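Tertiary structure, described
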Amino acid sequence: MTALLQVDRLAKRFGGIVATDDLVFEVAEGELHAVIGPNGAGKTTLIAQLSGQLTADSGSIRFAGTDITRVPAWRRSHLGLARSFQITSLFPDLSALDNVALAVQAHAGHSFHFWRKASLETGLRQPARAALEEVGLAHRADARASLLSHGEHRLLELAMALAGDPRLLLLDEPMAGLGPDESARMVDMLRRLKSRYTILLVEHDMEAVFALADRITVLVYGRVIASGAPDAIRADAQVREAYLGEDGDV
Amino acid sequence: MTLSVRSLATVLLFVGLLLLPLYVQATGDRFLLTLFTRIVILALAAVSLNLILGFGGMMSFGHAAYLGIGGYAVGMLAHEGIVSGLVQWPVALAASALFALVVGALSLRTRGVYFIMITLAFAQMAYYVVSGIARYGGDDGLTIYKRSQFGAWLDLSNKVVFYYVCLALLMATVYLVWRLVNSRFGMVIQGARSNETRMRAIGFPTYRYKLVCFVIAGTLGGLAGALLANHNEFVSPSTMYWTRSGDLIVMVVLGGMGSAAGPVFGAVALLVLEEVLSRITEYWPIILGPLLLLIVLFARGGIDGLLAATRWPARKKAPL
């Protein structure tokens with residue numbers, strides 16, 4: 001398997017805190033790679049560096065053979081990197097459909113079109129509807145994003161990430177704040193998506209991670225302490241001690 | 001389908017503005033025409049400001065600079081004997097666009113208070129620069145002895161003709177802004193106001209779109225400046241003083257930032273109120289200030305927001 005994403009000795013410091021400490025890992029084409037770790041392990045910082053909101057202090061990120069370490073966020077999106085946000089980050093005044101249509105528009109050539117009404121462009125609306133359909137939000141297409149429930153926000157986040165037809169999905173805790181039923185539905189959804197997309201999943205929900213992941217990387221204080229198949233991670237003594245707790249029953 | 005209160009009010013406003021010269025003709029109240037020419041011109045400037053302020057979330061505190069630059073382009077050229085509007089107006093627009101390009105390129109790299117301060121600083125710089133040019137009147141300003149010439153078929157020295165030219169340009173600008181904000185370009189601008197981080201994450205290089213938007217708004221501001229100079233037959237540094245930029249912001253906020261025509265309501269309301277109150281008392285700002293405060297506190301969408309929230313009274317269904 002070839003690596004779609006290669007992270008090499010990536011480091012990021014905030015003052016005295018080392019959020020990412022010479023991180024090395026790879027995501028292979030086609031796999032669902034989960035990153036887990038206790039709070040403060042640097043998972044969200046990692047996602048932000050991969051998607052370009054933060055620039056690394058040192059080290060490199062290669063995506064599909066290109067060095068993207070210094071490439072701005074918007075261009076990474078065009079290379080095929082799409083992210084969802086842990087804390088819902090939408091356009092609250094726009095309808096759910098408009099939210100996704102904007103994500104479609106970002107990948108439909110430049111936007112220096114000044115005259116035609118964007119909401120009448122089937123080239124934007126159709127794919128946006130399809131993405132909403134994909135996550136099961138089609139019936140809420142015309143509702144204002146601010147009026148959707150938390151669970152629906154998570155799905156809308158996902159639909160926006162899918163709209164650009166990405167090569168790699170960076171999902172930052174898609175289950176955050178979901179109830180058990182909603183979580184189960186999200187797991188089903190991700191199971192369907194993983195056959196079509198390469199996914200890097202950061203998640204706290206261990207049950208979900210072990211049910212979905214092909215490979216798991218464990219971060220503690222910005223360092224990789226273990227990486228491998230779910231069974232190997234479950235059995236890893238260091239992981240059990242450092243992260244899952246001595247009597248962690250996973 | 002019935003017309004909404006907001007659409008009806010907008011239509012009525014423009015019909016009223018279109019019919020105003022007839023009323024003036026009938027009553028002989030020439031002052032009213034002068035007042036409303038000024039209102040229409042400043043409304044144009046406010047509509048252009050709203051494109052960046054309301055739709056783009058770019059809190060520019062230097063929009064009066066474009067009034068001055070457009071005005072001085074006309075004034076300086078006239079002073080040098082170039083009176084053709086076909087030269088003056090394109091120069092006014094180009095100079096404003098260029099100024100907006102420079103200010104935007106620098107200020108749009110900053111956020112919040114810094115953005116406000118930089119746009120303000122550039123406008124004040126322009127103010128001091130023209131104050132210092134003795135050839136064009138310096139502090140005292142520059143009298144324009146001849147309005148822009150467009151040949152025999154369009155005589156701007158005719159006050160009614162000039163009023164209609166201003167009104168036509170205002171209506172064209174409102175239409176232009178309305179088309180812009182609903183286009184793909186407008187979606188990017190509005191998206192960047194709402195959540196710029198997300199816009200970048202989904203693949204938009206927001207800076208260049210905001211810059212183009214800033215330049216369009218500045219160019220339209222320059223157009224208003226060229227009109228204002230023609231209207232006053234005079235241009236002075238005070239045209240671009242920072243309080244004038246504040247007036248434009250008040251018009252936008254009072255009128256409502258949510259629609260292309262909102263600032264027109266704001267300009268009419270503010271300037272008519274100013275006129276009426278100043279006849280009652282010389283301390284008119286004491287009345288106007290609290291009034292504005294009430295609107296900002298209790299009608300966050302301004303006049304346009306109030307109109308949008310107003311529904312027709314429900315008609316009772318006739319019994320069968």
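Reading the values: rules and limits
The numbers attached to residues start from 1 for each chain and follow its sequence in the written order. Chains and ligands are labelled sequentially in the order written, the chains with letters from A and the ligands with numbers from 1. Reporting of local features is limited, given that this is a predicted model, to residues whose pLDDT is at least 70; pairs of side-chain atoms are given and counted only at 80 or more, and all residues count toward the totals for whole chains, interfaces and linings. Numbering goes from the N terminus for both helices and strands, where a helix is a DSSP run of H or I of at least four residues and a strand is a run of E of at least two. Here the radius of gyration uses the C-alpha set of atoms, whereas the globule reference equals 2.2 Å times the residue count to the power 0.38. Residue burial is a threshold on neighbouring C-beta atoms within 10 Å of the residue's own C-beta, all placed from the backbone, with 20 or more meaning buried, 12 or fewer meaning exposed, and counts in between meaning partly exposed. Whether two residues are in contact depends on their C-beta atoms, placed from the backbone: they are in contact if these lie within 7 Å. Gly is put with the polar residues, along with every residue not named as nonpolar or charged; the nonpolar set is Ala, Val, Leu, Ile, Met, Phe, Trp, Tyr, Cys and Pro, and the charged set is Asp, Glu, Lys and Arg. An automatic or database domain assignment supplies the start and end points of every domain. Two strands qualify as a pair provided that DSSP identifies no fewer than 2 bridges between them. Fitted lines through C-alpha atoms give the axes, limited to the stretch in contact for helices. The angle between two N-to-C directions lies from 0 to 180 degrees. Roughly parallel here means an angle under 35 degrees, roughly antiparallel means over 145, roughly perpendicular means 65 to 115, and every remaining angle is called oblique. Take the far helix as your reference; a near helix turned counterclockwise from it by less than a right angle gives a left-handed crossing, and one turned clockwise gives a right-handed crossing. The angle between axes fitted to the seven-residue stretch ending at a residue and the seven-residue stretch beginning at it gives the bend at that residue. Every residue is assigned a pLDDT by the predictor, reflecting its confidence on a scale from 0 to 100.

1. Looking at the overall build of chain A
Helix and strand content of chain A: nine helices and 10 strands. Radius of gyration (C-alpha) of chain A: 18 Å, near the 18 Å computed for a compact globule of 250 residues. For the C-alpha atoms alone, the extent of chain A along its principal axes is close to 60 × 40 × 35 Å. Relative to its full complement of 250 residues, chain A shows a buried share of 43%.

2. So, the overall build of chain B
Of the regular secondary structure elements, chain B holds 13 helices and two strands. The C-alpha atoms of chain B give a radius of gyration of 20 Å, which matches the 20 Å a tight globule of 320 residues would have. Seen along its three principal axes, the alpha-carbon backbone of chain B occupies a region of about 75 × 60 × 45 Å. Out of the 320 residues belonging to chain B, those deemed buried represent 48%.

3. So, the interface of chain A and chain B
Much of the literature gives interface size as the accessible area that the parts lose upon coming together. With 27 residues of chain A in contact, the opposing surface of chain B contributes 20 residues. Elements with a minimum of two residues in the side of chain A that touches chain B: α2 (73-79) and α3 (96-106) of chain A. For the side of chain A that touches chain B, the residue count by class is 13 nonpolar, 10 polar and four charged.

4. Observations regarding the domain arrangement of chain A
All names here are of chain A. Segmenting chain A into domains produces domain 1 (1-80 + 167-250) and domain 2 (90-165). Placing a centre on the C-alpha atoms of domain 1 and another on those of domain 2 gives a separation of 26 Å. Listed per partner, the contact involves nine residues of domain 1 and nine residues of domain 2. In terms of residue count, helix α6 (residues 180-193) provides more of the side of domain 1 that touches domain 2 than any other element does, three residues in total. Here the residues of the side of domain 1 that touches domain 2 are counted per class, giving five nonpolar, three polar and one charged.

5. Some details on the sheet that holds strand β10 (residues 223-228) of chain A
Residue and element names in this part refer to chain A. The six strands are arranged β6-β7-β8-β3-β9-β10 in an open sheet whose pairing can be described as mixed. The strands lining the two open edges of the sheet, one partner per strand, are β6 (81-84) and β10. In this sheet, adjacent strand axes meet at a mean angle of 15° when their direction is disregarded. Bridging between strand β3 (residues 32-36) and strand β8 (residues 198-202) involves four bridges; their strand directions are parallel. Among the inter-strand pairings, His 33 is bridged to a residue of β8, identified as Leu 200. Sitting on the sheet, helix α1 (residues 43-51) touches β3, β6, β7 (168-172), β8 and β9 (215-220), and the angle it makes with β7 is about 150°.

6. Some thoughts on the packing of helix α1 (residues 5-27) of chain B against helix α6 (residues 159-182) of chain B
All names here are of chain B. Packing of α1 against α6 leaves a shortest axis separation of 9 Å and a crossing angle of 165°. Taken together, the axes of α1 and α6 lie roughly antiparallel to each other. Taken as a pair, α1 and α6 cross one another with a handedness that is left-handed. Seen from α1, the contacting residues are Phe 14, Leu 17, Leu 18 and Pro 21; seen from α6, they are Val 160, Tyr 163, Leu 167 and Met 171. Counted by class, the contact of α1 with α6 contains eight nonpolar, no polar and no charged residues.

7. Regarding α1(B)
Residue and element names in this part refer to chain B. By the largest-angle criterion, Leu 19 marks the main kink of α1, which is about 40°, and a proline, Pro 21, follows within four residues. Listing the buried residues of α1 in full gives Arg 6, Thr 10, Leu 17 and Leu 20. On its buried face, α1 sits against α2 (30-55), α6 and α13 (302-309).

8. With respect to the sheet that holds strand β2 (residues 17-28) of chain A
All names here are of chain A. The strand order across the open sheet formed by four strands is β2-β1-β4-β5, and the pairing between neighbours is antiparallel. One side of each edge strand has no neighbouring strand; the edge strands of this open sheet are β2 and β5 (66-67). Sheet analysis places strand β4 (residues 58-63) next to β5, joined by two bridges and oriented antiparallel. In the strand pairing of β5, Arg 62 is matched with Asp 67. Taken strand by strand, α1 contacts β1 (3-14), β2 and β4, and its axis lies near 60° from that of β2.

9. Describing the environment of B:Leu142
Residues and elements named next belong to chain B. The residue Leu 142 is located in strand β1 (residues 142-143) in this model. Exposure remark for Leu 142: the 22 C-beta atoms within 10 Å place this residue in the buried category. When the C-alpha positions of Leu 142 and Gly 302 are compared, they lie 36 Å apart, and in sequence the two are 160 residues distant. Apart from residues lying up to four places away in sequence, Leu 142 is in contact with Gly 75, His 79, Tyr 136, Gly 137, Phe 234, Val 235 and Ser 236.

10. Looking at the environment of B:Ala308
All names here are of chain B. Relative to the helices and strands, Ala 308 resides in helix α13. Spatially, the C-alpha atom of Ala 308 lies 29 Å from that of Tyr 163, the residues being 145 residues apart in sequence. Apart from the residues within four sequence positions on either side, Ala 308 is in contact with Arg 6 and Gly 301.

11. Quick word on unusual backbone geometry
All names here are of chain A. With phi around 45°, Arg 9 is a residue other than glycine that occupies positive phi space. For Arg 9, the position within the fold is in strand β1. Here the phi dihedral of Tyr 221 falls at roughly 45°; this positive angle occurs in a residue that is not glycine. When you line up the elements, Tyr 221 lands in the loop between β9 and β10. What makes Tyr 221 partly exposed here is the crowd of 16 C-beta atoms within 10 Å.

12. Section: the confidence of the model for chain A
Looking at chain A, the pLDDT average stands at 90 and 96% of residues meet or exceed 70. Mean pLDDT across the secondary structure elements of chain A bottoms out at helix α9 (residues 237-244) of chain A, with 75, and peaks at α3(A), with 96.

13. Brief notes about the pairing of β4(A)
Residues and elements named next belong to chain A. Sheet analysis places β1 next to β4, joined by five bridges and oriented antiparallel. When the bridges of β4 are listed, Ala 11 appears paired with Ser 58. Where β4 hands over to β5, the hairpin turn is made up of two residues, of which Ala 64 adopts a positive phi near 50°.

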